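Fold and contact review
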Amino acid sequence: MSPQPGATADPAELVGHVTVVGLGPGGPEYVTQQTLDSIAVHAHRFIRTMRHPSASLVGDATSFDDVYEAADTFADVYGEITERLVTAAAEHGDVLYAVPGSPLVLERSVRHLMSDARVRCSVLPAMSFLDVAFARLGIDPVEAGVRLIDGHEFTTAAAGDHGPMFVAHTHANWVLSDIKLAVEGAGDEPVVILQRLGTADELITTTTWAELDRTVEADHLTCIYIPRLATAVGESLVRFHQLSRTLREQCPWDQKQTHQSLIKYLMEETYEVVDALQALDPDEPETDAALIEELGDLMYQIEFHATIAEQEGRFTMTDVVDGIHDKLVRRHPHVFGAVTADDADTVVANWDAIKHAEKGRTSVFDGVALSQPSLSYAYHVQRKAAKVGFDWPDVDGALPKIAEEAAELNEAIASGEQTHIDDELGDLLFAVVNVARHLDIEPEAALRVATQKFRRRFEQVEHLAAQRGIVMNDSDLAVLDALWDEVKRDEAQATE
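These lines cover the structure that appears in this document, whether it is placed above or below. (Residues numbered from 1 in each chain as written. Predicted model: local features only at pLDDT ≥ 70, side-chain atom pairs only at ≥ 80, totals over all residues. Heavy atoms only, no water.)

**A look at the overall build of the protein chain**
Just so we agree on the cut-off: Labels follow the DSSP assignment, with helices taken as runs of H or I lasting at least four residues and strands as runs of E lasting at least two, numbered in each case from the N terminus. We compute the radius of gyration from the C-alpha atoms alone; for a globule the expected value is 2.2 Å times N to the 0.38, where N is the number of residues. Throughout, a residue-residue contact means that at least one pair of heavy atoms, one from each residue, lies within 4.5 Å. For accessible areas, the Shrake-Rupley method is used with a probe of radius 1.4 Å. Any residue's cover is judged against the shown protein chains and nothing else. Only four residue types enter the charge count: Lys and Arg as positive, Asp and Glu as negative, with His and the chain ends excluded. In plain terms, the charge of a residue is placed at NZ if it is Lys, CZ if Arg, CG if Asp and CD if Glu.
For the protein chain, the helix and strand inventory stands at 21 helices and 11 strands. A compact globule built from 496 residues would reach a C-alpha radius of gyration of about 23 Å, whereas the protein chain, at 33 Å, exceeds it by more than 25%. Counting only C-alpha atoms and orienting by the principal axes, one finds that the protein chain spans roughly 105 × 55 × 50 Å. At a minimum sequence separation of 6, the contacts of the protein chain that also span at least 24 residues come to 63%. When the accessible surface of the protein chain is summed, it comes to about 28100 Å², and 55% of that surface belongs to carbon and sulfur atoms. Taking the average location of the 39 positive side-chain charges in the protein chain and that of its 84 negative ones, the two points are 3 Å from each other.

**Some words on the environment of alanine 407**
Structurally, the position occupied by alanine 407 is in helix α18 (residues 400-415). Once the C-alpha coordinates of alanine 407 and leucine 428 are considered, the two residues, 21 residues apart in sequence, prove to be 9.4 Å apart.

**Here's the deal with a nonpolar patch on the surface**
Quick reminder of the rule: The patch calculation keeps residues exceeding 30% relative accessible area without a salt bridge and links them within 9 Å when they carry like charges or within 5 Å when they are nonpolar (Val, Leu, Ile, Met, Phe, Trp, Tyr). Here, a salt bridge means any Lys or Arg side-chain nitrogen found within 4 Å of an Asp or Glu carboxyl oxygen. Between buried and exposed lies partly exposed: a residue is buried under 20% and exposed over 50% of the maximum accessible area for its type, with that area taken using a 1.4 Å probe on protein chains only.
On the surface, a nonpolar cluster with roughly 290 Å² of combined accessible area is contributed by Ile302, Phe315, Val320 and Val321. Following the sequence through the fold, valine 321 ends up in helix α13 (residues 317-330). Of the residues examined, valine 321 reaches a relative accessible area of 42% and is grouped as partly exposed.

**Section: the sheet that holds strand β11 (residues 222-226)**
Worth spelling out the cut-off: Any two strands with at least two DSSP bridges between them are considered paired. Only C-alpha atoms enter the line fits that serve as axes; for helices the fit covers just the stretch in contact. Angles between N-to-C directions range over 0 to 180 degrees.
The five strands lie next to each other as β7-β8-β11-β9-β10, forming an open sheet whose pairing is mixed. If you trace the sheet from one side to the other, it starts and ends with β7 (147-150) and β10 (203-208), each paired once. Each strand axis lies, on average, 20° off the axis of its neighbour in the sheet, ignoring direction. Bridging between β7 and strand β8 (residues 165-168) involves four bridges; their strand directions are parallel. Note on β8: the bridge partner recorded for arginine 147 is methionine 165. Lying on the sheet, helix α5 (residues 129-137) is in contact with β7, β8, β9 (190-195), β10 and β11; it crosses β8 at an angle near 135°.

Take a look at the structure:
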C-alpha cells in the first residue's frame, strides 16, 4: 500500500480513510486479486465511471459519471469527486474508490484526492493500460525513452519534443485534431492509434499524422503512440523562445536592456501594428505580410520582457501564457461555465463584474492605464464614470458642453493667464471626447483619421505647388488656401 504523500494535517483533523484501487486496462482478467479482496471487504464503494469493462466487479457502487456531465472543467470534476469522497469518508470512516487502469497512471482524480489533507489514502497497485499498450507495440518504454503525455496538454507538455511519445486521454476527435495542429509539416509521419486495449473490441490502427483525426472514431479508451517526428512539437514557438534567450545572453545591446528601457520600443511596435491593421485590405493578400511582420515585432517585445524576468528569477513566458489562458476562461463563463450571455453587452457586463471581484477594486477608475494616450485615457475614464450613472443621458446633453467650454477658453485667452488657458483647453478637449463617446466613436481613432486626411490633402497641396512652380515658404496663406480648396474639390468629385 502507498500512503498519501505530502499530507501535513494533524491526525486529529483527518475525517476518514479512502482505499483506492485500479480496475486494470480492460476485462476482469486484468484485475488483481488484491483489488478484488479490497472490494469485497468495503461496504461503501465509489467508482469514477461505469464506462469501463470491469466496472461491474465493484458491485453496488456510486459512480461519478454525473459529475462529468454537470461540471464545466476537469478541475471542477476532480474537486467535486474529492469533496464527495471526503464527505463519505467522514460519514463512514473508510470507503473504497475504484478507477480505471492504475490509480497512479494519469489519474488526476486520485492525485487530487491524495493531496487533500483531510483524508488518508491507501493506494493499491494495479495493472495499467500502458502494460498492454507496450506489449502490443512490442517496445520497452524505458529503453526507448518514451514520454507519457496527457492529450489535453499536448501542445505545452510536448513542446520541443520529437518523440517517441505515448499520448493518453485522447477521448474525442477534437482532441486528436488539437494534437495534429500542434505540429507543422508532419503529414506523412506514422502514428499508431490504440483503442479499447484488453477488451474483445481491441483495435490498433496505423495511420499518418495528416489523417490522425480522420481515421477512427475516438472514445474514452483511445490513446496514440508517436514513434518519431521530424519536426518537434510547437517547434516554431520553442525556437523563437530560445532565440530570445540567446540574444539576451550573447548580444551586447540586448544584455544592457531593462524593462524600463524597452518601454519606448514596445509602444513603437504597438503603433506599427495599428498602422498595419489599418492598411489591411481583404482583397489584397500582400497586405498580410506587413501585419505578419509587425505582429512578430510586437511578439518579440513580449518575449523579451519575459526573458528578462526569467533571468531575474521572477516569472517565465509560461507564467504569462498560463495566466492569460486561465483569466480568459474565468471571464468567459458563458463559454466555459453555466452563465448565459446572448449579446455582447451582457458579455461585457459579466466581464466587468468578474474583473472587479478578482481585483478587489475600490474605485471605478482602478485599472485604467495611466500611460495610454490622453484622448484614450479621457475616453476610458468617462466610460468608467458612465457605468455608475455619472453621465449625460445622450449626445444632446453632451454636445452643448463643447460650445460652453469653447467660450470659457476664449475668456481664458483674453485673460492672458497661461495656466487658465491650459485648463480650459483641456476642458474643451475633454468635452469633445465626451461627445465622441456618446456617438460610439473612439476619439483616438477619429483624430488619427482626421490627421491622416489632413496629411493626404496637404501632400496634394505640395504636389500642386511643385507642378505650378509655387514656393510654399514664400507664399501667403491665401495662395495655399486656394490650393487646399482645389484639392478638396477634386476629392469630392472623385467620390461622386
